[in-house]
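Overview (structure and organization)
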Amino acid sequence: MNRRGFISGLAVAAALAGFASASAAADGRRVALVIGNGAYRSVPALSNPPNDAGDVAAALRRLGFTVTLIANGTFDEMRRGLIALGRDAAGAEMAAVYFAGHGMEINGENWLIPVDAELKRDTDAANEAISLQSVMLQVTDTTSLGLVVLDACRNNPFAAKMNRALATRAAVSGGLGRIEPVGNVLVAYAARDGTTALDGDGHNSPFTAALLRNIETPGVEVTFMFRNVRDDVMEATRNAQQPFVYGSLSRKAIYLAGLPSPGSAGTTQANAMPAVAAPALPASPSAIDPALVGTWEIMVPDGRGQSRWIWRIMADGSYKFHAEGGRAVQSHEGTVTAANGRWTLHPLKGLPKDYSDGGSYEIRDTIAVITGKLGTGYWKRSVE
């Protein structure tokens, strides 16, 4: 299969996954694809990637991820693994891809190299390698985090033997090129764009060794965890290698290995501000995330067209809900608890007192991605 067909297939899979995630409740699932490519057939082998991948897969399983591990993956094996991951990631809390092996930038695009690639010409990458863009696409449809970790910036022998199709084309660069992920996606490079990483003389590469030391530390927010990895790698390589993370997440803290224990947040995170006493919250029936305060609406199809559901959440934790249109949904009001991406509804009027509802939420600018019986889907912030 050529790259054009592969990308088209991924786009269709992502679209279908989007429909699935809008109707399925997020359940805290974590899924991951881990690839370690060392036994290259056309260039000298790398010793550490299979070790790195096996150790990272074990760590992710301990963190609650369902992991698919591919050792020395061919193009077809990597392609199938990514498509399967994209389907599993739809509506999951987190989806991650870890790749160790050869990676390179060719004419402005980044590629991960399967073990069966020959890459005699720069144009062969389209049919023999996996684009980083297609990898990022498969982890975008999560409720919390899409993570791509690449220990793939090693000094690449493919570049030295590759012929360029046209003399005027840009040369193959060292390392991977700079990227700009969108949405809730982080991409971590073992070495910043345009530079190369060390494979290492031990059981793991310097980057993966640092990742393994930090990834299971509880109470460290994910962006701070990668800062700790950066410092460890720079110390181990005497500043010869600087890891770099690309992407911009929302203000919601994300933890891979559990929430911090009370009073410990200021001591476990790199560059953390000194602990400050939190301001007292006003007396209210429930705790509410300020990002969720406001009026939200969603259009729900029914037999006579569409109904408009409106959910108004106040700063004191109370709420009011009503619907407009053909589908009869009872108006109700009560209190709602919302924090750290989870919400629970407590009706006081209009619904039975023993009625329960709740699920996950994530704020994306003017969109709230909410799951639960009230109306799973993409709620838009309303001016009402």
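Residues numbered from 1 in each chain as written. Predicted model: local features only at pLDDT ≥ 70, side-chain atom pairs only at ≥ 80, totals over all residues. Heavy atoms only, no water.

Quick word on the overall build of the chain
Looking only at helices and strands, the chain has nine helices and 17 strands in total. Pairs at least 24 apart in sequence give 65% of the contacts found in the chain among residues at least 6 apart. When the accessible surface of the chain is totalled, it reaches about 17700 Å², and 53% of it is carbon and sulfur. (Helix = DSSP H or I, 4+ residues; strand = E, 2+ residues; numbered from the N terminus. Contact = heavy atoms within 4.5 Å. Areas by Shrake-Rupley, 256 points an atom, 1.4 Å probe, with all protein chains shown as cover.)

Examining the packing of aromatic side chains
Under the definition given, this model contains seven aromatic pairs. Aromatic side chains tyrosine 40 and phenylalanine 158 sit 5.9 Å apart centroid to centroid with 75° between the ring planes, which places their arrangement in the edge-to-face category. Separated by 118 residues along the polypeptide, tyrosine 40 in the loop between β1 (30-36) and α2 (49-62) and phenylalanine 158 in helix α6 (residues 157-161) bring together distant segments of the chain. On the basis of relative accessibility, which here comes to 0%, the residue phenylalanine 158 falls in the buried class. A centroid spacing of 4.7 Å and a plane angle of 55° characterise the contact between tyrosine 189 and tyrosine 246, whose relative ring orientation is tilted. Placement of the pair is tyrosine 189 in strand β8 (residues 185-189) and tyrosine 246 in strand β9 (residues 244-246), with a sequence separation of 57 residues. The structure contains a cluster of three or more aromatic residues connected by ring pairs, namely Trp311, Tyr319, Trp343 and Trp379. (Phe/Tyr/Trp six-rings, centres within 6.5 Å; stacked < 30°, edge-to-face > 60°. Buried < 20%, exposed > 50% of the residue type's maximum accessible area, 1.4 Å probe, protein only.)

Notes on unusual backbone geometry
Phi is positive for asparagine 72, close to 55°, though the residue is something other than glycine. Of note, the phi angle at arginine 238 is positive, near 55°, even though the residue is not glycine.

What about the packing of helix α7 (residues 206-214) against helix α8 (residues 222-236)?
Helix packing for two helices is described by the angle between their axes and how far apart those axes are. Between α7 and α8, the least distance of the axes is 9 Å, while the angle of their chain directions is 135°. In terms of axis orientation, α7 runs oblique to α8. As α7 runs across α8, the sense of the crossing is right-handed. Residues Pro206, Phe207, Ala210, Leu211, Arg213 and Asn214 of α7 form the contact with α8, whose own contacting residues are Met225, Phe226, Asn228, Val229, Asp232 and Val233. (Axes fitted to C-alpha atoms, helices over the stretch in contact; angles between N-to-C directions. Parallel < 35°, antiparallel > 145°, perpendicular 65-115°, else oblique. Left-handed = near helix turned anticlockwise from the far one by under 90°.)

Digging into the pairing of strand β7 (residues 145-151)
With seven of seven residues buried, β7 lies mostly within the body of the structure. Of the two faces of β7, the one holding Leu145, Leu147, Val149 and Asp151 and the one holding Gly146, Val148 and Leu150 are both buried throughout. Where β7 meets β8, five bridges bridge the pair, whose relative direction is parallel. Residue leucine 150 lies in a different strand from β8, and its bridge partner there is tyrosine 189. (Pairing = 2+ DSSP bridges.)

Thoughts on the sheet that holds strand β6 (residues 130-131)
Ordered by their spatial adjacency, three strands build an open sheet running β4-β5-β6, and the pairing between neighbours is antiparallel. Of all strands in the sheet, those with a lone pairing partner are β4 (103-106) and β6, marking the two edges. Bridge count for β4 against strand β5 (residues 109-112) is four bridges, and the pairing is antiparallel. Looking at β5, one finds that glycine 103 is bridged to leucine 112.

Notes on the pairing of strand β16 (residues 367-370)
Bridging between strand β15 (residues 357-364) and β16 involves four bridges; their strand directions are antiparallel. If you follow tyrosine 361 over to β16, its bridge partner there is isoleucine 370. The pairing of β16 with strand β17 (residues 377-382) spans four bridges and is classified as antiparallel. Bridging from a neighbouring strand, valine 369 pairs with tyrosine 378 of β17.

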